[in-house]
Amino acid sequence: SSVFEFEVGDISPYHIPEMLDPPLTEIGRQQALRLRGVALQTAPQLVLVSPMSRALMTSNIAYAHLVGKIPFIAHDGCKEKSHAMAA
């Protein structure tokens, strides 16, 4: 039996919001914290990021020192495309 097996009437995993926009994992948080060291050496005038949850969380962790000081813009043009959502 697999975690991905569904009985008739169950919701497809592609209709579960967490599958389309998963949150940042613990490993991702650790990577974002390491990225902060690099981010502290930069002086951006804005942070442009994907509106995906994990991207927003990454930018807020890595650039925490700039939150409220410069614009943070979430733009759909930065959003990744998956085969399931491709038009």
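Nothing here was measured: the structure is a model prediction, and the numbers come from that model.

What counts and how
Residues numbered from 1 in each chain as written. Predicted model: local features only at pLDDT ≥ 70, side-chain atom pairs only at ≥ 80, totals over all residues. Heavy atoms only, no water. Helix = DSSP H or I, 4+ residues; strand = E, 2+ residues; numbered from the N terminus. Buried < 20%, exposed > 50% of the residue type's maximum accessible area, 1.4 Å probe, protein only. Contact = heavy atoms within 4.5 Å. Areas by Shrake-Rupley, 256 points an atom, 1.4 Å probe, with all protein chains shown as cover. Axes fitted to C-alpha atoms, helices over the stretch in contact; angles between N-to-C directions. Parallel < 35°, antiparallel > 145°, perpendicular 65-115°, else oblique. Left-handed = near helix turned anticlockwise from the far one by under 90°. Nonpolar A, V, L, I, M, F, W, Y, C, P; charged D, E, K, R; others polar. Expected span 1.5 Å × (residues − 1). Arc of directions from axis to C-beta. Polar contact = N/O pair within 3.5 Å; in protein donor to acceptor, adjacent residues only side chain to side chain. Salt bridge = Lys/Arg side-chain N within 4 Å of Asp/Glu carboxyl O.

A. Representation of the overall build of the protein chain. Scanning the protein chain from N- to C-terminus turns up three helices and two strands. Each helix and strand of the protein chain, ordered N terminal to C terminal, gives the series α-α-β-α-β. Among the 87 residues that make up the protein chain, the fraction classed as buried is 17%. Expressed as a percentage of contacts within the protein chain between residues at least 6 apart in sequence, the contacts between residues at least 24 apart total 71%. In the form shown here, the protein chain has an accessible surface area of approximately 6,700 Å², with 60% of it arising from carbon and sulfur atoms.

B. Examining the packing of helix 2 (residues 26–39) against helix 3 (residues 53–62) more closely. Where helix 2 contacts helix 3, the two axes come as close as 8 Å, and the packing angle between them is 45 degrees. The pairing of helix 2 with helix 3 is recorded here as oblique in orientation. The two elements helix 2 and helix 3 meet at a crossing, and its hand is right-handed. Within the contact between the two elements, helix 2 uses Arg-29, Ala-32, Leu-33, Leu-35, Arg-36 and Ala-39 and helix 3 uses Met-57, Thr-58, Ile-61 and Ala-62. Class assignment for the residues of the contact of helix 2 with helix 3 results in seven nonpolar, one polar and two charged.

C. The arrangement of helix 2 in detail. Here helix 2 is 14 residues long and its end C-alpha atoms lie 19 Å apart, about the 20 Å a rise of 1.5 Å per residue gives. Within helix 2, burial applies to Gly-28, Ala-32 and Ala-39. For helix 2, the buried positions fall inside an angular range of 40 degrees around the axis, keeping them on one side. Seen from the open side of helix 2, the exposed residues pointing more than 90 degrees away from its buried face are Ile-27 and Arg-34. Where the residues of helix 2 are buried, they touch helix 3.

D. Summary view of the side chain of Ser-50. Locating Ser-50 in the fold gives a position in the loop between strand 1 (47–49) and helix 3. For Ser-50, the side chain forms a polar contact with the main-chain nitrogen of Met-52, separated by 3.1 Å.

E. Looking closely at the side chain of Ser-59. Examined against the element boundaries, Ser-59 turns out to sit in helix 3. For Ser-59, a relative accessible area of 7% corresponds to the buried category. Non-local contacts of Ser-59, meaning those with residues more than four positions away in its chain, are made with Val-47, Val-49, Ala-64 and Phe-72.

F. The pattern of salt bridges, seen in detail. Applying the stated criterion across every chain, the model contains one salt bridge. Glu-26 is paired through a salt bridge with Arg-29; the nearest N and O atoms lie 3.4 Å apart. Separated by three residues within a single helix, Glu-26 and Arg-29 lie in helix 2, roughly one turn from each other. Residue Glu-26 is classed as partly exposed on the basis of its relative accessible area of 48%.

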